Amino acid sequence: MGKVVNEAERTLAAADWVSYTPIQTATEHPARIAVLQNLTNQTVTFSMDGTTALITLATNGAVVFDLTANTGNAINDHGDFLGMGIRFWVKKTSAAPTTGAVYVSLLYRKGE
């Protein structure tokens, strides 16, 4: 059984978009699936360390990272996870967004 958690939602003021800005707090669970959404009116870039670009998403764009999709055949091989304590960051790519928000949603298994 899994649980979807909207770990982070951020609506930023225009001044916040100049450099990478954290999206809420660090993750609280090891995630199996991560969904990044850009529901703003401009292109934005996400980061996992506040320095290095992870992915750039156009207006109303989204990406799903299914980290456990290609697990091995071994009984104890549960695939990769996004660890606890990860913080996502976002910044403008060109013009600062004036409407909308960005989202990070995680799927993790009960008990993790």
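Above this note sits the structure.
Keep in mind it's a predicted model, so treat the numbers as computed, not measured. What you see as residue numbers is a count from 1 along each chain, following the sequence as written. Only residues with pLDDT of at least 70 get local features here, since the model is predicted, and only at 80 or more are side-chain atom pairs given and counted; chain-wide, interface and lining totals rely on the full set of residues. Water and hydrogen atoms play no part in the side-chain values, which are based on all heavy atoms of the structure.

Asks: Help me out: how do you make sense of unusual backbone geometry in this one?
Replies: Backbone geometry follows two general trends: most residues other than glycine have a negative phi, and most peptide bonds adopt the trans configuration. Positive phi outside glycine occurs at Asn60, with the angle close to 55°. Runs of E in the DSSP output that reach at least two residues are strands. Runs of H or I that reach at least four are helices, and both are numbered from the N terminus. Turning to its location among the elements, Asn60 is positioned in the loop between strand 5 (53–57) and strand 6 (61–66). Whether a residue is buried, partly exposed or exposed follows from its accessible area with a 1.4 Å probe, protein chains only, as a fraction of its type maximum: under 20%, in between, or over 50%, in that order. Judged by its relative accessible area of 57%, Asn60 falls in the exposed class.

Asks: How do you make sense of the pairing of strand 8 (residues 102–109) when you look at a structure like this?
Replies: Along any regular strand, the residues point their side chains to alternate faces of the sheet. The buried fraction of strand 8 amounts to six of the eight residues, a majority that puts the element mostly inside the structure. Sheet topology places strand 3 (residues 33–38) next to strand 8; six bridges connect them, and they run antiparallel. Within the sheet, the bridge partner assigned to Val35 lies in strand 8 and is Ser105. For two strands to be treated as a pair, DSSP must find no fewer than two bridges joining them.

Asks: Please clarify how the sheet that holds strand 4 (residues 44–47) should be interpreted in this entry.
Replies: Within a sheet, each strand pairs with its neighbour through backbone hydrogen bonds, oriented either parallel or antiparallel. Taken together, four strands build an open sheet; the order of strands is 2-7-4-5 and the sheet is antiparallel. Two strands close off the open sheet at either side, each with one partner strand: strand 2 (21–22) and strand 5. Here two bridges tie strand 2 to strand 7 (residues 89–92), and the two strands are oriented antiparallel to one another. Paired with Thr21 across the strands is Val90, a residue of strand 7.

Asks: For this particular structure, what's the right way to read the packing of aromatic side chains?
Replies: To describe a pair of aromatic rings, one takes the distance between the centres and the angle between the planes. For this analysis, a ring pair means two rings from Phe, Tyr or Trp (six-membered ring only for Trp) whose centres lie within 6.5 Å, classed as stacked if their planes differ by under 30 degrees, edge-to-face if by over 60, and tilted for the remaining angles. Going through the model one piece at a time under the given rule, you end up with zero aromatic pairs. For a lysine, the NZ atom is tested; for an arginine, the CZ atom; a charge sits over a ring if that atom is within 6 Å of the ring centre and within 35 degrees of the ring normal. In this arrangement the basic side chain of Arg87 is found over the ring face of Trp89, its NZ or CZ atom lying 5.9 Å from the centre.

Asks: Explain the environment of Thr99 to me, please; I cannot follow it from the model alone.
Replies: Here Thr99 lies in the loop between strand 7 and strand 8. On the accessibility criterion, Thr99 (48% relative accessible area) is partly exposed. With 58 residues separating them along the chain, Thr99 and Asn41 place their C-alpha atoms 5.9 Å apart. Contact definition: two residues touch when any of their heavy atoms are within 4.5 Å. Those residues within four positions of Thr99 in sequence are excluded, and the remaining contacts are Leu39, Thr40 and Asn41.

Honestly, that's just the spatial picture; any functional story needs more than this.
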